[in-house]
Amino acid sequence: MKTIEKNFSKKVAPSKAALMVQAVCGCKWSLTIYQLLSHGINRPGEMVRRVDGLTTKVLNQCLRKNIEFGILARTSYNEVPPRVEYEVTEFGSKFMKVLDELEQLQNEIYNNE
């Protein structure tokens, strides 16, 4: 009797990546911030002015979370008054492509219902 060689190991869910997606998608402002950044709006004051309902406190929390995950980078300029700008990192660009794919999948699901 032949023995079957095991070629596969147990598949484990990507816990860190899943937590990141959950945290970012769970934040109702992250996707809006990405949209602002893609349109060249990278200063917090301008972001708050452009989006109804977005407060400075909530924006700062959301930006901090995205920086911790490595999606965004913060640049602080030594000027008076102080100037801070945010940009998408290389990793953030890859992550946003995944989010775009999820959005396309969602659209396909809704179109097939």
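What you see is a predicted model, and the numbers here were worked out from it, not measured in a lab.

Conventions adopted
- Residues numbered from 1 in each chain as written.
- Predicted model: local features only at pLDDT ≥ 70, side-chain atom pairs only at ≥ 80, totals over all residues.
- Heavy atoms only, no water.
- Phe/Tyr/Trp six-rings, centres within 6.5 Å; stacked < 30°, edge-to-face > 60°.
- Lys NZ or Arg CZ within 6 Å of the ring centre and 35° of its normal.
- Axes fitted to C-alpha atoms, helices over the stretch in contact; angles between N-to-C directions.
- Helix = DSSP H or I, 4+ residues; strand = E, 2+ residues; numbered from the N terminus.
- Parallel < 35°, antiparallel > 145°, perpendicular 65-115°, else oblique.
- Contact = heavy atoms within 4.5 Å.
- Nonpolar A, V, L, I, M, F, W, Y, C, P; charged D, E, K, R; others polar.
- Salt bridge = Lys/Arg side-chain N within 4 Å of Asp/Glu carboxyl O.
- Pairing = 2+ DSSP bridges.
- Expected span 1.5 Å × (residues − 1).
- Buried < 20%, exposed > 50% of the residue type's maximum accessible area, 1.4 Å probe, protein only.
- Arc of directions from axis to C-beta.
- 1 Å grid on protein atoms, 1.4 Å probe; cavity = no way out; pocket = protein on both sides within 12 Å on 5 of 7 lines; lining within 4 Å.
- Points joined across faces, edges and corners; volume = space filled by probe spheres on them.

K.L.:
Just to check I follow, could you spell out the packing of aromatic side chains for this structure?
P.N.:
Where two aromatic rings form a pair, the distance of their centres and the angle of their planes describe that pair. Per the stated rule, a full pass over the model turns up one aromatic pair. A cation sits over an aromatic face here: R83 above Y77, 3.7 Å from the ring centre.

K.L.:
Would you mind going over the packing of helix α1 (residues 15-26) against helix α5 (residues 90-111) with me for this structure?
P.N.:
To characterise two packed helices, one gives the angle between the axes of the helices and the distance between these axes. Two numbers describe how α1 lies on α5: the axes approach to 12 Å, and their chain directions differ by 75 degrees. Here α1 is positioned roughly perpendicular relative to α5, judged by the angle of their axes. Across the interface between the two elements, M20, V21, V24 and C25 from α1 touch F91, F95 and L99 from α5. Here the contact of α1 with α5 is composed, by residue class, of seven nonpolar, no polar and no charged.

K.L.:
When you look at the pattern of salt bridges in this model, what are you seeing that I'm missing?
P.N.:
A side chain with one charge can pair with a side chain of the opposite charge if their charged atoms come near. Going through the model one piece at a time under the given rule, you end up with four salt bridges. Here R83 and E85 are joined by a salt bridge, their closest N and O atoms 2.9 Å apart. One connected set of salt bridges, linked through shared partners, spans E46, R49 and R50.

K.L.:
Hey, could you run me through the side chain of S30 in this one?
P.N.:
Its location among the elements puts S30 in helix α2 (residues 30-38). If near-sequence neighbours (up to four positions away) are discounted, S30 is found in contact with V24, C62 and N66.

K.L.:
Explanation requested: the pairing of strand β1 (residues 72-77) in the structure shown.
P.N.:
Side-chain direction in a regular strand flips from residue to residue, so the side chains alternate between the two faces of the sheet. Two elements, β1 and strand β2 (residues 83-88), share six bridges in a ladder whose sense is antiparallel. In the sheet register, Y77 faces β2, and the bridge partner there is R83. In sequence, β1 turns back onto β2 through a hairpin of five residues.

K.L.:
Can you walk me through α5 in this structure?
P.N.:
For an α-helix the count is 3.6 residues per turn, leaving residues at separations of three or four pointing the same way. Between the first and last C-alpha of α5 there are 32 Å, a value that for 22 residues agrees with the 32 Å anticipated at 1.5 Å per step. Listed in full, the buried residues belonging to α5 are G92, F95, M96 and L99. Considered in projection along α5, the buried side chains sweep an arc of 100 degrees and stay on one side of the axis. Exposed residues pointing more than 90 degrees away from the buried face of α5 are listed as E90, K94, K97, E101 and N111.

K.L.:
What am I meant to see in the layout of surface pockets here?
P.N.:
One simple way to see leftover space: roll a probe sized like a water molecule over the atoms. By volume, the largest pocket is sized at about 320 Å³. Taken together, C25, L31, Y34, Q35, M96, L99, D100, L102, E103 and Q106 make up the full set of residues lining the largest pocket. Of all elements in the fold, only α2 and α5 reach the threshold of two or more residues within the lining of the largest pocket. Per-element accounting of the lining of the largest pocket gives the leading share, six residues, to α5.

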